[in-house]
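Structural description and commentary
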2 protein chains.
Amino acid sequence: MLSHIDLMRELVKKNDHRIILLVLDGLGGLPIEPGGQTELEAARTPEMDRLAAEGCLGLTVPIRPGVAPGSGPAHLALFGYDPLEYLVGRGVLEAVGVGLKVIPGDIAARGNFCTLDSGGRITDRRAGRIRSEMAAPLVERLRGISLPGVKIEARHVKEHRFALVVRGQGLQPDLEDTDPQATGVPPLDVVARRPEAQATAELFNRWIAEAKGLLASEAHANGLTLRGFSTDPRLPSMESVYGVHPACVAVYPMYRGVSSLVGMRVLDVQGESPEDEFGAVRAAWKDFDYFFIHIKKPDSRGEDGDFAGKVEAIEAVDRALPALLQLGPEVLAITGDHSTPARLRSHSWHPVPLLLWAPATIRPDSQTTFGENACSAGGLSTIPAKDLMTLLLAHAGRLDKFGA
Amino acid sequence: MLSHIDLMRELVKKNDHRIILLVLDGLGGLPIEPGGQTELEAARTPEMDRLAAEGCLGLTVPIRPGVAPGSGPAHLALFGYDPLEYLVGRGVLEAVGVGLKVIPGDIAARGNFCTLDSGGRITDRRAGRIRSEMAAPLVERLRGISLPGVKIEARHVKEHRFALVVRGQGLQPDLEDTDPQATGVPPLDVVARRPEAQATAELFNRWIAEAKGLLASEAHANGLTLRGFSTDPRLPSMESVYGVHPACVAVYPMYRGVSSLVGMRVLDVQGESPEDEFGAVRAAWKDFDYFFIHIKKPDSRGEDGDFAGKVEAIEAVDRALPALLQLGPEVLAITGDHSTPARLRSHSWHPVPLLLWAPATIRPDSQTTFGENACSAGGLSTIPAKDLMTLLLAHAGRLDKFGA
């Protein structure tokens with residue numbers, strides 16, 4: 001069986017056509033009332049509707065049918081990586097999600113502050129969900145720990161959560177979580193799953209012992225657990241697999257981090273509006289041929305259960321679109337990484353609207369508006385998100401014929 | 001690559017939401033005349049049409065495009081088992097299909113009566129398709145055979161076919177069929193494919209020798225062949241993979257047997273009507289959270305070539321539906337295991353209508369009737385039947401998010 005990567009390496013060719021992948025995070029939605037419209041259907045989007053009329057619509061399945069994705073795997077799929085094949089550890093995602101760098105050989109972990117009783121047993125696995133402004137200084141304190149031969153980075157994430165990255169020689173990530181997933185028992189020691197990881201386990205145990213000393217006087221966050229030990233997954237770069245020279249325009253660290261894992265150049269953005277992000281694309285237009293643009297707000301409003309706010313966030317992108325189109329991309333895809341229906345206030349498994357616009361090569365369908373129902377009747381049908389990348393390349397004239 | 005089972009074990013969570021999978025066997029059909037309606041489209045189904053309007057439609061592909069399935073693999077797919085990965089031996093399917101129990105370690109086989117000439121050569125591989133009322137007493141006679149150290153069950157299936165199950169210590173199923181697939185030659189001996197199966201081969205050969213003695217005076221069924229030696233495939237249970245506590249309501253032994261292979265509790269049913277089957281669901285409603293209900297008649301009428309009879313069988317289910325809905329399932333899927341168009345009088349490969357109803361989380365499409373054409377334009381698109389289970393779980397709120 002010819003692997004996907006080998007197929008791509010055989011077919012990919014270069015040209016100067018430019019591809020834009022515009023991701024409205026959490027784009028897919030649900031009607032609030034039976035018979036009603038989704039957020040995208042309710043939004044007034046004359047630009048996207050025009051592109052829908054000129055282009056072709058479909059739906060993407062982020063992971064597998066029924067599986068709601070986190071942001072990491074959902075974006076990997078959009079970048080052309082099967083998220084069940086290219087697994088990125090939780091520690092790495094947490095670390096890159098707050099802007100920590102993780103390079104091959106580093107070990108990243110997710111940390112939780114917890115509350116210990118006088119016997120060292122956990123009484124609250126989340127330290128009473130300690131507020132972020134209380135927890136952040138504690139993480140600063142932990143940054144004071146130094147151990148011989150390694151460099152240690154710690155960064156606060158949110159409430160009781162933080163990320164930890166250790167850099168050094170010969171580190172191994174095959175380590176068990178220290179969170180016993182229960183109260184009334186002490187945190188576990190870091191245990192190596194393989195003999196080669198023994199030294200790394202001891203290193204983390206020394207770090208934990210020092211951290212406990214530094215936290216001993218805290219009322220709630222007087223202990224911690226570490227989970228999801230993992231290292232840079234060494235994903236093959238988009239450049240090596242798909243032959244593109246890719247750039248990422250995103251405001252939030254998580255999306256900048258995932259992009260860097262596949263070798264994208266992460267661009268600077270001044271401001272947070274769609275106009276600001278499109279401006280960053282314009283500034284780098286000559287230097288790259290694939291632009292991933294990430295718009296966070298539709299997902300945030302969806303998670304808030306704010307239907308109208310999500311509609312407005314979508315409309316704001318639509319208003320800014322002419323500036324992006326003016327750049328003259330050969331191929332533009334507008335989609336989401338997953339659905340975040342305001343009605344569910346969370347990521348969901350529902351297939352995600354996809355609009356593909358490529359004037360030179362598209363086979364237009366009969367749809368004239370961008371929305372879930374139009375997409376489900378669209379000419380692209382329902383496809384795995386991981387297959388979008390090859391469609392983009394094809395429409396950019398960047399794939400040779402397979403076989404004679 | 002994360003396997004499907006590992007993915008499920010990571011994501012599955014429990015709650016008290018209830019799922020009903022209502023299978024109308026052979027549901028999919030074909031129009032008799034060009035431009036006509038299928039059986040389902042011709043049926044008057046106001047209840048299903050209402051559910052279609054509230055829910056979402058699609059089509060399922062039972063095995064792979066173009067492949068018409070038997071009942072066993074078709075149902076395994078609906079239960080979330082890829083039927084090309086989880087292979088169940090023909091002997092096991094034949095045995096459980098007539099209600100014989102097959103537990104790990106048992107060896108099951110399909111038996112055929114055949115006609116031998118005076119030289120022991122096969123003249124008819126099916127004993128002139130001996131009538132069932134003639135064959136059944138012969139199987140009774142074979143039940144008189146006993147061999148040391150094993151327990152042997154034989155049961156008549158239909159015409160020249162019967163099923164055989166041998167229970168004992170150390171039995172091995174790696175045995176060649178004895179049917180030479182030709183006339184003019186004698187049945188083959190049971191031959192072991194591996195040395196470990198040698199003793200089992202000898203055991204079956206002794207059984208065959210005794211059986212030949214008991215059949216010697218028969219005019220037509222004076223010989224037999226055995227095929228499809230196999231053992232319990234030890235399928236992972238639905239409970240272990242999908243976290244449901246499943247029950248089966250089915251009248252026919254085949255469907256009860258396949259359900260038991262995936263660990264479903266097979267419920268007692270008084271009577272054979274849809275009302276009787278739904279009554280069995282009601283009686284056990286509190287005790288399970290997943291109900292598979294099997295309705296045989298649409299398939300039987302399809303196999304008879306009885307278009308009107310299949311229409312009537314579908315309408316009978318529709319009339320009974322309110323009693324099922326009254327139980328208040330969170331998720332209801334109505335589909336078939338495969339198509340059995342009356343026009344073809346057999347199972348076919350045509351994709352199967354699927355209606356998914358789940359008020360809390362469904363993304364409704366614009367379809368308002370349940371039928372093949374509506375389904376092909378439905379919001380669920382065309383999916384592999386094996387993916388239905390994860391969709392059911394998702395809509396029941398029983399799957400966690402994948403990745404961070």
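Whatever comes next refers back to the structure up there.
This text gives an overview of the structure that appears in the document. (Residues numbered from 1 in each chain as written. Chains lettered and ligands numbered in written order. Predicted model: local features only at pLDDT ≥ 70, side-chain atom pairs only at ≥ 80, totals over all residues. Heavy atoms only, no water.)

Quick look at the side chain of arginine 227 of chain A now. All names here are of chain A. Examined against the element boundaries, arginine 227 turns out to sit in strand β7 (residues 223-230). Buried and unpaired, arginine 227 has aspartate 179 as its nearest opposite-charge partner, separated by 4.1 Å. The contacts of arginine 227, once residues within four sequence positions are left out, are Ala109, Arg110, Asn112, Asp177, Asp179 and Gln181. (Helix = DSSP H or I, 4+ residues; strand = E, 2+ residues; numbered from the N terminus. Buried < 20%, exposed > 50% of the residue type's maximum accessible area, 1.4 Å probe, protein only. Lys, Arg positive; Asp, Glu negative; His and termini not counted. Salt bridge = Lys/Arg side-chain N within 4 Å of Asp/Glu carboxyl O. Contact = heavy atoms within 4.5 Å.)

Looking now at the packing of helix α3 (residues 46-54) of chain A against helix α12 (residues 307-325) of chain A. Between α3 of chain A and α12 of chain A, the shortest axis-to-axis distance is 7 Å and the interhelical angle comes to 65°. Between α3 of chain A and α12 of chain A, the contacting residues are Pro46, Glu47, Met48, Arg50 and Leu51 of chain A on the first element and Ile314, Val317, Asp318, Leu321, Pro322 and Leu325 of chain A on the second. (Axes fitted to C-alpha atoms, helices over the stretch in contact; angles between N-to-C directions.)

Rotating chain A by 125° about the axis while translating it 0.0 Å along that axis superimposes it on chain B, leaving an RMSD of 0.2 Å. Within this description, the copies of the chain are treated as partners about a three-fold rotation axis. Using C-alpha coordinates, one finds that chain A approaches the rotation axis most closely at alanine 377 of chain A, a distance of 3.7 Å. (Least-squares fit on C-alpha atoms with pLDDT ≥ 70 in both.)

Residue and element names in this part refer to chain A. Along strand β3 (residues 107-116), 10 of the 10 residues are buried, which leaves the element largely enclosed by surrounding structure. Side-chain alternation along β3 places Ile107, Ala109, Gly111, Phe113 and Thr115 on one buried face and Ala108, Arg110, Asn112, Cys114 and Leu116 on a second face that is also buried. Here β3 runs beside strand β6 (residues 161-167); their pairing, made up of 6 bridges, is antiparallel. Looking across to β6, one finds that arginine 110 is bridged to alanine 163. Relative to β7, β3 runs antiparallel, the two being bridged by 6 bridges. Paired with asparagine 112 across the bridge in β7 is threonine 225. Pairing analysis gives 2 bridges linking β3 to strand β4 (residues 122-124), with the strands arranged antiparallel. For threonine 115, the partnering residue across the bridge sits in β4 and is aspartate 124. (Pairing = 2+ DSSP bridges.)

Note that glutamine 198 of chain A resides in helix α7 (residues 198-215). The sequence separation of glutamine 198 of chain A and leucine 171 of chain A amounts to 27 residues, and the corresponding C-alpha distance is 9.4 Å.

This brings us to the environment of proline 46 of chain A. Relative to the assigned elements, proline 46 of chain A resides in helix α3. Sequence-wise, proline 46 of chain A and methionine 1 of chain A are 45 residues apart; in three dimensions their C-alpha atoms are separated by 45 Å.

Residue and element names in this part refer to chain A. With mixed pairing, 8 strands are arranged side by side in an open sheet as β9-β8-β10-β1-β11-β12-β2-β13. In this open sheet, the two edge strands, each paired with only one partner strand, are β9 (265-266) and β13 (381-384). Sheet topology places strand β8 (residues 246-249) next to β9; 2 bridges connect them, and they run parallel. Directly across from cysteine 248, in β9, lies its bridge partner valine 266. Together, β1 (19-24), β2 (56-61), β11 (331-335) and β12 (352-357) form the strand contacts of α3, whose direction differs from that of β12 by roughly 65°. Its contacts with the sheet put α12 on β1, β10 (290-295), β11 and β12, and the angle it makes with β1 is roughly 170°.

A separate point is the environment of valine 331 of chain A. Residues and elements named next belong to chain A. One can find valine 331 in strand β11. In sequence terms valine 331 and leucine 356 are 25 residues apart; their C-alpha atoms lie 7.5 Å from each other. Not counting the four nearest positions on each side in its chain, valine 331 is found in contact with Arg18, Ile19, Ile20, Leu356, Trp357, Ala358, Leu392, His395 and Ala396.

What follows deals with the interface of chain A and chain B. Taken residue by residue, the interface counts 35 residues in chain A and 28 residues in chain B. Between chain A and chain B, roughly 2,300 Å² of surface is buried when both sides are summed, and carbon and sulfur atoms account for 60% of that area. When the buried surface of chain A facing chain B is broken down by residue, Pro65, Leu84 and Trp349 of chain A rank first, second and third, together holding 23% of it. For the interface between chain A and chain B, the tally reads 0 salt bridges. (Buried area = accessible area lost by both parts, 1.4 Å probe.)

Our focus in this paragraph is the nonpolar core. Among the nonpolar cores identified, the biggest contains 64 residues, and Leu21, Phe79, Met238 and Tyr290 of chain B are the most heavily contacted of them. In terms of residues, this core owes the most to one element, helix α14 (residues 388-395) of chain B, which gives 6 residues. Grouped together as the second largest cluster of nonpolar side chains are 53 residues, Ala163, Val165, Met254 and Val262 of chain A included. (Core = buried A, V, L, I, M, F, W, Y, C linked by side-chain atoms within 4.5 Å.)

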